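Okay, here's what each chain looks like letter by letter:
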Amino acid sequence: MPVFLLLFVFINGFHCKDYSNKLLGPSIILTIDKPPDTWYQIKAFLKENNVKLTFYVERYQDLSEDTKKIMREMIADGHEIAHHTSTHPHSDEYVNKYGLNAYLKYEVDTMTYLMNKDGFYPTTYAYPFGDLTPELDNSLLKRFNSIRKIISPYMNKHIADMDQLYYRYGNISLFYGTSIDQRHNHSMAEITEALEMAKESRQAVSLYCHYLTIDRPYEETNSHIYLKDFKALVSKAKSLGLRFYTASEVSRNKY
């Protein structure tokens, strides 16, 4: 191989971070099922603490230019903008009523096209409500590097007891997350326990939430995390030496 070509490969390989086949180590995959508007208020805090988030964006066609500007700024700081459908439907019901092709066209491909026009190129996807079908999995994995599903603790388990939420290696195509929104009543002690398990097992734990709010519920559904609790989570993660990964950093590369 010519020297100049060898140097080109070395330099590009050095700068391109690829976690797809590596041990993830003690870490967190924290995904947000909303555009980043409410999180923009702590943009500097996130950067100072090396916190990287994945924002699964829904209803892109309805987003304001101000929101799109925020999205671009968050990308510049290392966060990820990902895909969460055009209308946030129950996917299984949609496919049953209108068919798979309609779902892919109107809920996925149309929104991807609009995002691409504006310079956003989502490579990962999350199901609204966690509702899915095997045929959707197969079709979506032709379009995205990974799909996030959801799972809640069952049989009185804590988050730390849920093996499905912990990942040792990258190269993930399908993975689960569990909600730490207020409405699911996971105490900070339980969340801390989950982070400690990530440290002890040297794995990545997958969590998600929606809005960030300071001192009052963001909406009636309580789909939010309080700023003080989020900062406590980040502080605990730092004390344990956990790093934050985006979904794309731990996903397979299908190209």
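Residues numbered from 1 in each chain as written. Predicted model: local features only at pLDDT ≥ 70, side-chain atom pairs only at ≥ 80, totals over all residues. Heavy atoms only, no water.

Section: the packing of aromatic side chains
Two measures describe an aromatic ring pair: the distance that separates the ring centres and the angle between the ring planes. Summed over the entire model, instances satisfying the criterion amount to nine aromatic pairs. Both rings, one in Y125 and one in Y127, keep their centres 5.6 Å apart while their planes meet at 90°; by these two values the pair is edge-to-face. In this structure Y125 comes out as buried when scored by relative accessible area, which is 0%. An aromatic cluster of at least three residues, connected via ring pairs, comprises W39, F45 and F230. The ring of Y208 has R148 sitting right over it, with the charged end atom 4.4 Å from the ring centre. Lying over the aromatic face of F45, K231 brings its terminal NZ or CZ to 5.1 Å of the ring centre. (Phe/Tyr/Trp six-rings, centres within 6.5 Å; stacked < 30°, edge-to-face > 60°. Buried < 20%, exposed > 50% of the residue type's maximum accessible area, 1.4 Å probe, protein only. Lys NZ or Arg CZ within 6 Å of the ring centre and 35° of its normal.)

As for helix α5 (residues 100-117)
A turn of α-helix holds 3.6 residues, and therefore any two residues three or four places apart point the same way. The terminal C-alpha atoms of α5 lie 24 Å apart, and with 18 residues this matches the ideal 26 Å at 1.5 Å per residue to within 8%. For α5, the full list of buried residues reads L100, A102, Y103, L104, E107, V108, M111, T112 and M115. Summarising the contacts, the buried residues of α5 are in contact with β2 (54-57), β3 (80-83), α4 (91-98), β4 (124-126) and α6 (134-140). Backbone geometry just downstream of α5 places G119 in the positive-phi region, at approximately 90°. (Helix = DSSP H or I, 4+ residues; strand = E, 2+ residues; numbered from the N terminus. Expected span 1.5 Å × (residues − 1). Contact = heavy atoms within 4.5 Å.)

Details of the packing of α4 against α5
Orientation of α4 relative to α5, taken along the N-to-C sense of each, is 120°, at an axis distance of 7 Å. When the interaxial angle is binned, α4 and α5 end up oblique. Between α4, through S91, Y94, V95 and Y98, and α5, the contact on the second element is made entirely by L100, A102, Y103, Y106 and E107. (Axes fitted to C-alpha atoms, helices over the stretch in contact; angles between N-to-C directions. Parallel < 35°, antiparallel > 145°, perpendicular 65-115°, else oblique.)

A closer look at the pairing of β3
Alternating positions in β3 separate into two faces, E80 and A82 on one and I81 and H83 on the other, with burial throughout. Bridge count for β2 against β3 is four bridges, and the pairing is parallel. The partner of T54 across the bridge, within β3, is E80. Each parallel crossover has a hand, and the one from β2 via helix α3 (residues 65-76) to β3 is right-handed. (Pairing = 2+ DSSP bridges. Right-handed = clockwise from strand over helix to strand, strands pointing away.)

Observations concerning the side chain of S139
Tracing the chain through its elements places S139 in helix α6. With sequence-adjacent residues up to four places away left out, S139 is seen in contact with L100 and L104.

Topic: the environment of L104
Within the secondary structure, L104 is located in helix α5. The spacing of L104 and R143 is 39 residues in sequence and 9.9 Å in space, taken between C-alpha atoms. Apart from the residues within four sequence positions on either side, L104 is in contact with D109, L136, S139, L140 and R143.

A short note on the pattern of salt bridges
Side chains that differ in charge, positive against negative, can pair when their charged atoms come close. Taken as a whole, this structure holds 14 salt bridges when the rule is applied. One salt bridge in this structure joins K43 and D77, with 2.9 Å as the shortest N-O distance. With K43 in helix α2 (residues 43-48) and D77 in the loop between α3 and β3, this pair connects stretches of sequence that are 34 residues apart. Measuring nitrogen to oxygen at the nearest pair gives 2.6 Å for the salt bridge that ties E249 to K52. Separated by 197 residues along the polypeptide, E249 in helix α9 (residues 247-250) and K52 in the loop between α2 and β2 bring together distant segments of the chain. Neither E249 nor K52 differs from the other in exposure class; each is buried. (Salt bridge = Lys/Arg side-chain N within 4 Å of Asp/Glu carboxyl O.)

Everything listed here is a matter of geometry and, on its own, says nothing about what the molecule does.
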